[in-house]
Amino acid sequence: MTVKQKIYDTFHPMIKDGGLLFIFLATLLVTISMFSTYVFRTGLWPWHKALLLGVPYAFAWVVVAWIITDKSVFRKPYPYIVIFVVLFFEKIYWALFYNLFPMTYRTISGSIGDALALRNTNYAIPSAEWLNLLENANNLFIVVEFIVVLALFVTLWSLVRPKDFEKLSFLKTKRMILLIISVILMTVPLWIWRAIAEIGGPELIRDLFRNIDWYNLLFYGIPIAIALVIFAFVITNIKSKAKNILYLVILLSVLIPHVPIYDYMFWVRSSSTVTVFSYFFVFAAMYFVMFLSLLLLSKTKYIEQ
């Protein structure tokens, strides 16, 4: 069988049953979510930014969950509701914090007289009380992130491999251990940044890696990439050697947007239209191949038909 025939045999049924269309939809939703972060990158989390970030992102994973669900599972709404709610809450977490606990200020001299009026100048800084709230919120977010990722991964696993969840047997399997490891790795970047904040702040990382400027890849890309590969292994249904290629594709889909050529491109105000477009094109392409890989790993009918 030629390579062309293999590609046709894989993607033709995917096009026919709408799987590829849903992958495009999920990719578009994730891109809209991230683009809203770029458009509303100023200000302390207004509600419109939170909603435009949270709703498309959460719904994108609902779409992915829908298409990778095993056909033997009756499509009850509860798993998809769980996925949407936990991801939506994660994305609006900081909007909730900044709106429930507005920043309070003090003057550099320590007085509180006109600090609020001077908050947009160099004469007022956040109060110690508010900074303490912010630190607690950062610590709590690590716990929230762990619970959110655990809920997402376990729910997706139950949809893809429902037999693993008969009589709670999944709790005693090696896959459960691997899943916990992947969830921990997903929170590693948050732990690292909390530790850095205690030691010397983000400037410390820039000083350590100012010559190679790869800290974003090292502390964000690598742990998350490994976590998603482990998760992909947990939900894999195919036995073909193609699964190893798909694991590699998932790994690269996470790592590529974090290489230095894209670092900070997303946030620089002076970025040209071409630069911004290039970033979002790569971003969307990487999410597309990751979602596609998860679909191919979870469904035997595309590769092992």
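First, a word on scope: everything that follows refers to the structure included in this document. Counting starts from 1 at the beginning of each chain's written sequence and moves along it residue by residue. Local features in this predicted model are restricted to residues whose pLDDT is 70 or higher, and side-chain atom pairs enter the listing and the counts only when it is 80 or higher, whereas totals over whole chains, interfaces and linings include all residues. Hydrogens and water are ignored here; the side-chain numbers use all heavy atoms of the structure.

1. Describing the overall build of the protein chain
Point 1. Per the convention used, a helix needs a DSSP run of H or I reaching at least four residues, while a strand needs a run of E reaching at least two, with both numbered from the N terminus. Summing up its helical and strand segments, the protein chain has eleven helices and two strands in all.
Point 2. Listing every helix and strand of the protein chain by position from the N terminus yields α-α-α-α-β-β-α-α-α-α-α-α-α.
Point 3. Residue burial is assigned from relative accessible area. The probe radius is 1.4 Å, only protein chains are included, and a residue is buried under 20% of its type maximum, exposed over 50%, and partly exposed in between. Across the 305 residues that make up the protein chain, the buried fraction comes to 44%.
Point 4. A contact between two residues is defined here by any heavy atoms of the two lying within 4.5 Å. Within the protein chain, residue pairs in contact and separated by at least 24 positions form 74% of the contacts whose partners lie at least 6 positions apart.
Point 5. Element-wise, carbon and sulfur atoms account for 70% of the exposed surface of the protein chain, whose accessible area totals about 16900 Å². The method behind every accessible area is Shrake-Rupley, applied with a 1.4 Å probe, and residues are considered shielded solely by the protein chains displayed.

2. Focus: the packing of helix α2 (residues 19-39) against helix α10 (residues 273-298)
Point 1. Where helices are involved, their axes are fitted lines through C-alpha atoms of the stretch in contact, as for all axes, and angles between N-to-C directions lie from 0 to 180°. Where α2 meets α10, the closest approach of the two axes is 9 Å, and the angle between their N-to-C directions is 140°. Here α2 is positioned oblique relative to α10, judged by the angle of their axes. Here α2 and α10 pass one another in a crossing that is right-handed. Listed contacts from α10 to G19, L20, I23, F24, A26, T27, V30, T31, M34, F35 and Y38 of α2 are V276, F280, F283, A284, Y287, F288, F291, L292 and L295. Each angle gets one of four labels, with under 35 degrees taken as roughly parallel, over 145 as roughly antiparallel, 65 to 115 as roughly perpendicular, and the rest as oblique. The crossing is said to be left-handed when, going from far helix to near helix, the turn is anticlockwise and less than a right angle, and right-handed when the turn is clockwise.

3. Notes on the nonpolar core
Point 1. With 81 residues, the main nonpolar core has W61, I83, L87, W94, F153 and F291 as its most contacted residues.
Point 2. If you list the elements that add at least two residues to this core, you get α2, α3 (47-68), α4 (78-100), α5 (128-160), α6 (174-199), α8 (215-235), α9 (242-255) and α10.
Point 3. Among the elements that line this core, the one with the most residues is α5, at 14 residues.
Point 4. When residues no more than four places from it in sequence are discounted, the contact partners of L87 are Y57, A58, W61, V148 and L152. Buried residues of nine kinds, namely Ala, Val, Leu, Ile, Met, Phe, Trp, Tyr and Cys, make up a nonpolar core once their side-chain atoms join them within 4.5 Å.

4. Re the environment of F89
Point 1. Inspection of the secondary structure puts F89 in helix α4.
Point 2. With relative accessibility at 35%, the residue F89 sits in the partly exposed group.
Point 3. Taking the C-alpha atoms as reference, F89 lies 7.6 Å from G54; in sequence the two are 35 residues apart.
Point 4. Contacts of F89, omitting those with residues within four sequence positions, involve L96 and V144.

5. As for the packing of aromatic side chains
Point 1. Pairing of aromatic rings covers Phe, Tyr and Trp, the last counted by its six-membered ring, and requires centre-to-centre distances within 6.5 Å; plane angles under 30 degrees mean stacked, over 60 mean edge-to-face, and any other angle means tilted. All chains considered together, the criterion is met by 20 aromatic pairs.
Point 2. Centre to centre, the rings of F89 and Y93 are 6.2 Å apart; their planes meet at 85°, and the pair counts as edge-to-face. Residue F89 and its partner Y93 are both found in helix α4; the two are separated by four residues, about one turn of the helix.
Point 3. Put simply, the rings of F89, Y93, W94, F97, Y98, F101, W130 and F141 pair up and form one aromatic cluster.
Point 4. Working rule: Lys NZ or Arg CZ, within 6 Å of ring centre, within 35 degrees of ring normal, means a charge sits over the ring. Between the NZ or CZ atom of K91 and the centre of the ring of Y57, over which it lies, the distance is 4.2 Å.

6. Here's the deal with the side chain of T69
Point 1. As for its placement among the helices and strands, T69 is situated in the loop between α3 and α4.
Point 2. Judged by its relative accessible area of 0%, T69 falls in the buried class.
Point 3. Definition of a polar contact: a pair of N or O atoms within 3.5 Å, with one able to donate and the other able to accept a hydrogen when the atoms are protein atoms, and with sequence-neighbouring residues admitted only if both atoms are side-chain atoms. Here Y80 takes part through its side chain, which lies 2.9 Å from a polar atom of the side chain of T69.

7. A word on the side chain of R161
Point 1. Turning to its location among the elements, R161 is positioned in the loop between α5 and α6.
Point 2. Apart from residues lying up to four places away in sequence, R161 is in contact with R175, V234, I235, T236 and N237.

8. Some details on a nonpolar patch on the surface
Point 1. To count toward a patch, a residue needs a relative accessible area over 30% and no salt bridge; like charges are then connected within 9 Å, while nonpolar side chains (Val, Leu, Ile, Met, Phe, Trp, Tyr) are connected within 5 Å. Only one rule defines a salt bridge in this text: a Lys or Arg side-chain nitrogen within 4 Å of an Asp or Glu carboxyl oxygen. A cluster of nonpolar side chains, contributed by F22, L25, F59 and W66, occupies part of the molecular surface with about 340 Å² of accessible area.
Point 2. For the nonpolar patch, the secondary-structure elements that each account for two or more residues are α2 and α3.
Point 3. As for its placement among the helices and strands, W66 is situated in helix α3.
Point 4. W66 gets classed as partly exposed once you look at its relative accessible area, which sits at 36%.

9. Things to note about the environment of L185
Point 1. Tracing the backbone through its elements, the reader meets L185 in helix α6.
Point 2. Considered as a pair, L185 and A225 are 40 residues apart in the sequence and their alpha carbons are 9.0 Å apart.
Point 3. The contacts of L185, once residues within four sequence positions are left out, are P223, I226, A227 and I230.

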